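Understanding the architecture of this molecule
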Amino acid sequence: MRDPARILVVDDIADNVEILRMRLTSLGYEVIVAEDGERALAKVHEGLPDLILLDIMMPKIDGLEVVKRLKADPSLPFIPVILVTAKASPKDVVAGLDAGGDDYLTKPIDHGALVARVRAMLRIKALHDEVQALNQGLEAKVRDQVEELERVGRLRRFLAPQLAQAIVSAGDDKMLENHRREVVALFCDLRGFTSFSETAEPEDIMAVLGEYHGAVGPLIRKYEGTLDRFTGDGMMVFFNDPLPCPDAPERAARLAIEMRDAVAALATTWRRRGHLLGVGIGMAQGYATLGRIGFEDRFDYTAIGAVINLAARLCADAGDGQILVSGRLAASMVDVVEVDDLGDRPLRGMSRPIAVINLRTLRS
């Protein structure tokens, strides 16, 4: 509502208009006038007054029809209307209120009643505008929260929830654009899964995968790894991107050991069902190009580079329960883990033998 409030006075008798204009102006209000119903409707749309004093008995369009049209117009905000009438019978008052009037004054107008009713209606207008503003603010907040939840939902496909929330809270997705960074890459998959899937029923395969993912998924979140993808029994996780973490090698080592132990516990149950399954893990450290790939409404966040291939080859070479890491990565976490040096090994797809280290356990 304006300050001072703007009041529209509508009456076809000039003297009545002038009396009301003078009284209201003396009270500090801004006053605009209209001489009939048609002009009143136009003035409302042009000036959006905060209050209307509307005479009922007018030519062309009477006051009751004017107020009906105003109240039925969804494009207009709430504007209180005080009907001014020479008819003071209860029937006439009820007719005016039923038409949409908010209050009424009888002619001749008593100055005290005018002041009281105008102030009362303007208080209602101010409260209504305040509520509207709060509602609009709430709607905008809800809309923003829904958009944020949608963004978090999309990011949580490959990020730990806390990382997804951090990116959304920052309000900047630029960190997901293509860039180069040093990462620690971890690959893992189930040993014996190929032969198992060739003979097992589809329901048994899905049950095993559900248990496997249910065991290792929370661990990936725990250590805030970035999940690149699931490929059946295999998955790739990397650290130090999209948000940097200074302890990426240690996080990867702890994750790998807990994943191995979690699957080992599952393997005991699987063996009772006749499923001979284990897990192998490979890890490497190096530079990769990272970013989003895909198309609208369906994208993944991935890493590409020699370090990714090396981690995949180490995983493929790992036996059940083994965590094979590159020499460079082992050197980065020498104070954290106990290892066995397996020497240089030729790995499929690698042009030369690679120094391979077996990660046994965490240092006590």
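The structure reproduced in this document is the subject of the present report.

Cut-off values and rules
- Residues numbered from 1 in each chain as written.
- Predicted model: local features only at pLDDT ≥ 70, side-chain atom pairs only at ≥ 80, totals over all residues.
- Heavy atoms only, no water.
- Helix = DSSP H or I, 4+ residues; strand = E, 2+ residues; numbered from the N terminus.
- Phe/Tyr/Trp six-rings, centres within 6.5 Å; stacked < 30°, edge-to-face > 60°.
- Lys NZ or Arg CZ within 6 Å of the ring centre and 35° of its normal.
- Contact = heavy atoms within 4.5 Å.
- Axes fitted to C-alpha atoms, helices over the stretch in contact; angles between N-to-C directions.
- Parallel < 35°, antiparallel > 145°, perpendicular 65-115°, else oblique.
- Left-handed = near helix turned anticlockwise from the far one by under 90°.
- Buried < 20%, exposed > 50% of the residue type's maximum accessible area, 1.4 Å probe, protein only.
- Arc of directions from axis to C-beta.
- Polar contact = N/O pair within 3.5 Å; in protein donor to acceptor, adjacent residues only side chain to side chain.
- Salt bridge = Lys/Arg side-chain N within 4 Å of Asp/Glu carboxyl O.

So, about unusual backbone geometry. Look at the link from Asp 3 to Pro 4: it is a cis peptide, with omega at 5°. With respect to the secondary-structure elements, Pro 4 resides in the segment before β1 (6-10). Residue Pro 242 follows Asp 241 across a cis peptide bond; omega there is 5°. On the secondary structure map, Pro 242 appears in the loop between β8 (234-239) and α9 (248-272). Phi is positive for Leu 48, close to 40°, though the residue is something other than glycine. Its location among the elements puts Leu 48 in the loop between α2 (37-47) and β3 (51-55).

Attention shifts here to the packing of aromatic side chains. The tally for this structure, following the rule as stated, stands at one aromatic pair. Directly above the ring of Tyr 104 sits Arg 117, whose terminal nitrogen or CZ lies 5.7 Å from the centroid.

The next point concerns the environment of Phe 239. As for its position among the elements, Phe 239 is in strand β8. Considered as a pair, Phe 239 and Glu 250 are 11 residues apart in the sequence and their alpha carbons are 10.0 Å apart. Excluding anything up to four places from it in sequence, Phe 239 contacts Glu 182, Val 183, Val 184, Tyr 223, Glu 224, Gly 225, Cys 245, Ala 248, Arg 251, Ala 252 and Leu 255.

For the pair α2 and helix α3 (residues 63-72), interaxial distance at closest approach is 10 Å and the crossing angle is 25°. It follows that α2 is roughly parallel to α3 by the angle criterion. Remark: the crossing between α2 and α3 carries right-handed chirality. Of the residues in α3, those in contact with Gly 37, Leu 41 and Val 44 of α2 are Val 66, Arg 69 and Leu 70.

Within α3 the residues assigned to the buried category are Gly 63, Val 66, Val 67 and Leu 70. All buried residues of α3 project into a common sector of 95° when viewed along the axis, lining one side. Contacts from the buried residues of α3 go to α2, β3, β4 (81-85) and α4 (90-99). The N-capping residue of α3, defined by a side-chain oxygen 3.2 Å from the backbone nitrogen of Leu 64, is Asp 62.

What follows deals with the side chain of Asp 11. Counting through the fold element by element, Asp 11 comes out in the loop between β1 and α1 (14-26). For Asp 11, a relative accessible area of 3% gives the class buried. Engagement of the side chain of Asp 11 in a polar contact is seen with the backbone nitrogen of Ile 13, the distance being 2.9 Å. When sequence neighbours within four positions are dropped, the list of residues in contact with Asp 11 reads Asn 16, Val 17, Ala 34, Glu 35, Asp 55, Met 58 and Lys 107.

The next thing to look at is the pattern of salt bridges. In the structure shown here, the tally under the stated rule is 23 salt bridges. For Asp 36, the salt bridge goes to Lys 60, with nearest N and O atoms at 3.8 Å. Of this pair, Asp 36 sits in the loop between β2 (30-34) and α2 while Lys 60 sits in the loop between β3 and α3, and the two are 24 residues apart along the sequence. Here Asp 36 falls in the buried class, since its relative accessible area comes to 10%. The salt bridge partner of Arg 360 is Asp 340, with a shortest N-O separation of 2.9 Å.

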